[in-house]
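# Overview (structure and organization)
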Amino acid sequence: MAAGGVNKRVSMAALAHKRVVPGFKKYHSWRHVRVKESWRRPRGIDSCMRRRYKGMPAMVRIGYKETSKLRHVHPDGKKHFVVNNVKDLEMLMMNNKKYAATIGHSVGARKRKAIVSRAKELQIKVTNAAAKLRAEENE
């Protein structure tokens, strides 16, 4: 059903047909700088967006929800789990086919090297293994 090293519940064909959800924007955020883009539901009685007029952007609705097997699954077929230390990798040891480790942004270079080396031993994929290490190699 799935390619080697990919989550068994998710086939590559299903991942290829994963729905693209429109970028939901607050009404008039494209018109005024003072209106932020973060989604807020339009509530005005005459709002053309709330009344779903033709040409208006899409509103958040339950129909855009992804199927449970594909929810939070990245294009590599795995769910990403944020790791901040070597001990966090132990949780992924038995689930290395289903989950991939993502090193937290606040983790320094020394601890990153330890996490990447331990992940290699446990055969856990690290999505951002080269981050913050490139700068040290150049110096």
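Structure: above.
The notes below deal with the structure included here. Starting afresh in each chain, residues are numbered from 1 along the sequence in its written order. In keeping with the predicted nature of the model, local features appear solely for residues at pLDDT of at least 70, side-chain atom pairs appear and are counted solely at 80 or more, and the whole-chain, interface and lining totals rest on all residues. As a rule here, side-chain values cover all heavy atoms of the structure and leave hydrogens and water aside.

Mapped onto the elements, Glu90 comes out in the loop between α2 (86-89) and β2 (99-103). On the basis of relative accessibility, which here comes to 31%, the residue Glu90 falls in the partly exposed class. Between the alpha carbons of Glu90 and Ile124 there is a distance of 10.0 Å; along the sequence they are 34 residues apart. Contact between two residues is taken to exist if any of their heavy atoms lie within 4.5 Å; hydrogens are not considered. Dropping the residues within four chain positions of it, Glu90 is found in contact with Arg118 and Leu122. Under the DSSP-based scheme used, a helix requires at least four consecutive residues in state H or I and a strand at least two consecutive residues in state E, with every element numbered from the N terminus. When a residue's accessible area, from a 1.4 Å probe over protein chains only, is under 20% of the maximum for its type it is buried; when over 50% it is exposed; and in between it is partly exposed.

By definition here, a salt bridge exists when the distance from a side-chain nitrogen of Lys or Arg to a carboxyl oxygen of Asp or Glu is within 4 Å. Tallied over the full model, the rule gives four salt bridges. One salt bridge connects Arg118 with Glu121, and the closest N-O pair in it is separated by 2.9 Å. Pair noted here: Arg118 and Glu121 are both in helix α3 (residues 109-122), with a separation of three residues, about one helical turn. Among the residues examined, Arg118 registers a relative accessible area of 25% and is labelled partly exposed. Residue class for Glu121 comes out exposed when judged on its relative accessible area of 57%. What you see here is one network of salt bridges that share partners, running through Glu90, Arg118 and Glu121.

This brings us to the nonpolar core. Looking at soluble globular proteins, one finds that nonpolar side chains tend to be buried together. Put simply, buried Ala, Val, Leu, Ile, Met, Phe, Trp, Tyr and Cys residues joined by side-chain atoms within 4.5 Å make one nonpolar core. In this structure, Val83, Leu89, Leu92, Ala101, Ile103, Val107, Ile115, Val116, Ala119, Leu122, Ile124 and Val126 together form the largest nonpolar core, which totals twelve residues. With four residues, the single largest contributor to this core is α3. Setting aside anything within four residues of it in sequence, one finds Val126 in contact with Ala101, Ile103 and Ala119.

A regular strand carries its side chains on alternate faces of the sheet. Counting buried positions along β2 gives four out of five residues, so the element sits mostly inside the fold. Alignment of strand β1 (residues 79-83) against β2, held across five bridges, turns out to be parallel. When the bridges of β2 are listed, Val82 appears paired with Thr102. By definition, two strands form a pair when at least two bridges between them are found by DSSP.

Working definition: a ring pair exists when centres of Phe, Tyr or Trp rings (six-membered ring for Trp) sit within 6.5 Å. Plane angles under 30 degrees give stacked, over 60 give edge-to-face, the rest tilted. Counted by the stated rule, this structure contains three aromatic pairs. Pairing Phe24 with Tyr64 gives two aromatic rings, centres 5.2 Å apart and planes at 70°, and the pair type is edge-to-face. Residue Phe24 is located in the loop between α1 (12-16) and β1, and its partner Tyr64 is located in the loop between α1 and β1; the two are separated by 40 residues in the primary sequence. In this structure Tyr64 comes out as partly exposed when scored by relative accessible area, which is 29%.

All we've got here are geometric facts, nothing functional implied.
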